[in-house]
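Coordinate analysis (summary)
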Amino acid sequence: MRPLKITCWLNSPIAGDPPRLDALLEWVMSAKMRAVLESSNGDRHTTGMPKHRGQPVVPGAIPIPLARVRVDGYPHTIPLCSDPIMADTSNDGVEYFTRRFPSEMSGLLAPTERKTVTVDSGANKSYRLPLRIRLVDRIVWFCCGRDKIDTGRSAGTETRKLLRKVYSIGKKTSDGYGQVSRWDVELTDDDFSWFAPSHDGPVLMRTLPASTKFPDRLQGFKRSYGAPVAPYWMAENYTELLMPC
Amino acid sequence: MSTTYKILALSEVLSPLTHAKGVEGNESLIAREPVVTPAGVRFIPHLSGNALRHRLVRDPGAWFLIDQWELSGKLAMSQLNFFFHGGNLTQGGNRQNTSRISDMERLFPLIRLLGGSLPDQILSGSLLSWRGTMVCEENRERIFRLAPSGWEFRGEKLRPAESFVDGYQYTRGQAATSAPSLLPKTSDPEEASNLMIFSGQCVLAGAAFVHGFVLQHVSDLELGALLLSLRLWQNAGGTIGGQAARGHGRLSTSIHVDPIADEDAAIGAYIDHVRTVKDEALKFLDAVYGAAKAEKAEKPAKKGKAKDATPENNLLA
């Protein structure tokens, strides 16, 4: 396994929290999956009937160039990749995204549809919702690449190739937040993907199942509940966790 | 096969630009974003990606579909929301009708581009709209990073952002003073005036913004939908921000499509597609979002109870 340090250089503030690297790589690879290609003619969106309907994808089934390891007490393999590490936040604030009913377009409605509408609830509800915005110049992940990649390239080269297709990260990327200007993939001597050394003991670098055998004197963690593998939103993967803090 | 396009745009400001974000007392303030500079964090005027996305793409694209399919005055409320906001989730349940999703993405390349919502399912789009970055010294590094590789900038020092910021002021008129002869003689000449000054910040004409779009894994139809929307927006005056009715916010925008594509062919293919699928798209809209209710036939008035239809009683007669 080859330890890597991956840096994402940002050109605009990031909204919400940065993603985990293994999830990003799986997202890029998923567009190459046979089931997706068959149903979409290679486009991003399906234009035909997906052929994998009814067959759930098991966590870890999407091939990425990062090594995965099995831990005690959890059924799925966990990538050797740290949680995102943000550089010093130059500005931490809130912006808002809004919506209002387009009353100036009432003339487009059929005469029978022209009526008084409620704009504080229901389908026409107006809103002004907050979004946490942080100005950071880069985000870093430490990870370990796989020894053998199907394409024959090194893990670093393959990772760089996949990440070139990630143009922005975080929330509301369609509105210009989290715009990526460059990806750097560097080889490192030491593996900091799960733990990093410190004077007080090893520091936890990645969210891991609480059932993992942790080193003694573990530092910098809190207990939580969630998914330790992608897709991170999937409740079926939830378990007791230790996460960096 | 799909392609990922990057469209870089340079917008020159032709009239005072008032893309506002908040007020200070009676004065409206322009939208600014924090930028790290060698001298520390500075707040620089910008254009929000959300505004660029709606004004340059969704709004002109939706109007084009409504014109082509002759839908003006025929839409149901949910259909209006679909065209101008992408639709709403209005039904519960956790079922997904993949056939209906496929139909929507096939019939509406614009919605495939921008994303939208069926009544029971949110669908993501393919378009990343960048924020508008002001061409100024504070943003020098960011602008260089946005440019395609191989582009060279003959670089004198750029002007600082604040040199592009000034103010505007207007006065709301008083009809009692501008056209007093139209008022009845009984009106009170001492009535309190509602004359009001209002003012705010603006970005001056002559400033410029770099922005752009990334179309991820799209077909030529989505590219055509975007390019057509940009052309329609530019031909209609190309405004962004508030007070367009007073002539504010006009932009002159040039674009560079990477990889180079035949823009006219993509637009032509999209227009052909829109015309070809018209009947199917209208059926889809009515089936999924519900057709506008038909007007009720007017009941004949009961004998002896008909209202007097003289012009005094029927102002619309």
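Refer to the structure printed above.
Only a predicted model underlies this, so the values are computations on that prediction, with no experimental measurement involved.

Here the focus is the overall build of chain B. Check the secondary structure of chain B and you find 9 helices and 13 strands. Computed over the C-alpha atoms, the radius of gyration of chain B is 25 Å, more than 25% above the 20 Å expected from 2.2 N^0.38 for a compact globule of 317 residues. Seen through its principal axes, chain B has C-alpha atoms that stretch 85 × 65 × 40 Å. Counting over 317 residues, chain B shows a buried share of 37%.

A tally of helices and strands in chain A yields 3 helices and 14 strands. The 245 residues of chain A split such that 31% are buried. Residue pairs in contact within chain A that sit at least 24 positions apart in sequence constitute 68% of those at least 6 positions apart.

The next point concerns the environment of Gly200(B). All names here are of chain B. One can find glycine 200 in strand E11 (residues 196-203). When the 20 C-beta atoms within 10 Å are taken as the criterion, glycine 200 is described as buried. Sequence spacing of glycine 200 and arginine 172 is 28 residues, and the spatial spacing of their C-alpha atoms is 14 Å. With residues near it in sequence (within four places) discarded, glycine 200 still touches Thr18, Ala20, Glu27, Ser28, Leu29, Gly167 and Tyr168.

To continue, consider the nonpolar core. The tendency in soluble globular proteins is for nonpolar side chains to be buried as a group. Ranked by size, the top nonpolar core spans 68 residues in total, and within it Leu113(B), Phe213(B), Leu215(B) and Leu226(B) carry the most contacts. Looking at this core, the element that brings in the most residues is helix H7 (residues 220-235) of chain B, giving 8 residues. In contact with Leu226(B), not counting residues within four places along its chain, are Val57(B), Leu113(B), Phe213(B) and Leu215(B). Counting residues in each nonpolar core, the second largest holds 37 residues, with Ala67(A), Leu80(A), Cys81(A) and Trp141(A) among its members.

Each value, and the rule that gives it
- Residues numbered from 1 in each chain as written.
- Chains lettered and ligands numbered in written order.
- Predicted model: local features only at pLDDT ≥ 70, side-chain atom pairs only at ≥ 80, totals over all residues.
- Helix = DSSP H or I, 4+ residues; strand = E, 2+ residues; numbered from the N terminus.
- Rg over C-alpha atoms; globule rule 2.2 N^0.38 Å.
- Buried ≥ 20, exposed ≤ 12 C-beta atoms within 10 Å, placed from the backbone.
- Contact = placed C-beta atoms within 7 Å.
- Core = buried A, V, L, I, M, F, W, Y, C linked by C-beta atoms within 7 Å.

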